[in-house]
Amino acid sequence: MTPVNTKHYLHDDVIRKLTELKLGELSDYVDELCTDPECVNLDFIGKFEVITNRLYQNRINELINNLLKNATLREPQASIAGLYYEAERLLLPDSIMKRSAYYHES
């Protein structure tokens, strides 16, 4: 969660409209961007891209977290890194990692 800024860079009316559009977090991102020294020299398009990417990534993360929370997984903390490569399982680490990379690229 972002810290509460005492100064908002958007007018209250714009913040209200963003909230009604269910984009309230967008105003927080604008505030963060305006105080980020690395973004001072970005043009409008550059700033718009940073904010859009941040909003998109946040929504994707929320979606993934909700899906994981609602999934009835037998082992919710399972990961490829935790696989047991015992001989009788006939699993090859290189093969697993290649397949994992393939699915993450798609």
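Residues numbered from 1 in each chain as written. Predicted model: local features only at pLDDT ≥ 70, side-chain atom pairs only at ≥ 80, totals over all residues. Heavy atoms only, no water.

Go over the nonpolar core with me, naming the residues and quoting the values.
Counting residues in hydrophobic clusters, the biggest one holds eight residues: Leu-18, Leu-26, Tyr-29, Val-30, Leu-33, Cys-39, Ile-51 and Leu-55. Elements with a contribution of two residues or more to this core: helix H2 (24–35) and helix H3 (44–70). Looking at this core element by element, the count peaks at four residues for H2. Dropping the residues within four chain positions of it, Leu-26 is found in contact with Leu-18, Ile-51 and Leu-55. (Core = buried A, V, L, I, M, F, W, Y, C linked by side-chain atoms within 4.5 Å. Buried < 20%, exposed > 50% of the residue type's maximum accessible area, 1.4 Å probe, protein only. Helix = DSSP H or I, 4+ residues; strand = E, 2+ residues; numbered from the N terminus. Contact = heavy atoms within 4.5 Å.)

Residue-level account of H3, with values.
Compared with an ideal rise of 1.5 Å per residue, which puts 27 residues at 39 Å, H3 spans 39 Å between its outermost C-alpha atoms and is within 8% of the ideal. Turning to H3, its buried residues are Gly-46, Ile-51 and Leu-55. Buried residues in H3 make contact with H2. (Expected span 1.5 Å × (residues − 1).)

For the packing of H2 against H3, give the residues involved together with the corresponding values.
With their axes 10 Å apart at the nearest point, H2 and H3 run at an angle of 135° to one another. In terms of orientation, H2 and H3 fall into the oblique class. For the pair H2 and H3, the crossing hand works out as right-handed. Facing Glu-25, Leu-26, Tyr-29, Val-30, Glu-32 and Leu-33 of H2, the residues of H3 in contact are Lys-47, Val-50, Ile-51, Arg-54, Leu-55, Asn-58, Arg-59 and Glu-62. Tallied by class, residues from the contact of H2 with H3 come to seven nonpolar, one polar and six charged. (Axes fitted to C-alpha atoms, helices over the stretch in contact; angles between N-to-C directions. Parallel < 35°, antiparallel > 145°, perpendicular 65-115°, else oblique. Left-handed = near helix turned anticlockwise from the far one by under 90°. Nonpolar A, V, L, I, M, F, W, Y, C, P; charged D, E, K, R; others polar.)

Run through the pattern of salt bridges, naming residues and quoting values.
Tallied over the full model, the rule gives five salt bridges. The salt bridge involving Asp-13 is made with Arg-16; its shortest N-O contact spans 2.7 Å. Taken together, the residues span about one helical turn, with Asp-13 and Arg-16 both in helix H1 (residues 12–20) at a distance of three residues. Taking relative accessible area as the criterion, Arg-16 reaches 40% and is therefore assigned partly exposed. Note that Arg-16 is salt-bridged to Glu-20, the shortest N-O span being 2.6 Å. Of this pair, Arg-16 and Glu-20 both sit in helix H1, separated by four residues, roughly a single helical turn. Classification of Glu-20 as exposed rests on a relative accessible area of 58%. Several salt bridges share partner residues, and in doing so they unite Asp-13, Arg-16, Lys-17 and Glu-20 into one network. (Salt bridge = Lys/Arg side-chain N within 4 Å of Asp/Glu carboxyl O.)

Break down the packing of aromatic side chains for me, with residues and values.
Inspection of the entire model under this criterion finds one aromatic pair. Ring geometry for Phe-44 and Phe-48: centres 6.0 Å apart, planes at 20°, overall stacked. Residue Phe-44 and its partner Phe-48 are located together in helix H3, separated by four residues, close to a single helical turn. Taken individually, Phe-44 and Phe-48 each receive the classification exposed, so the pair is uniform in this respect. (Phe/Tyr/Trp six-rings, centres within 6.5 Å; stacked < 30°, edge-to-face > 60°.)

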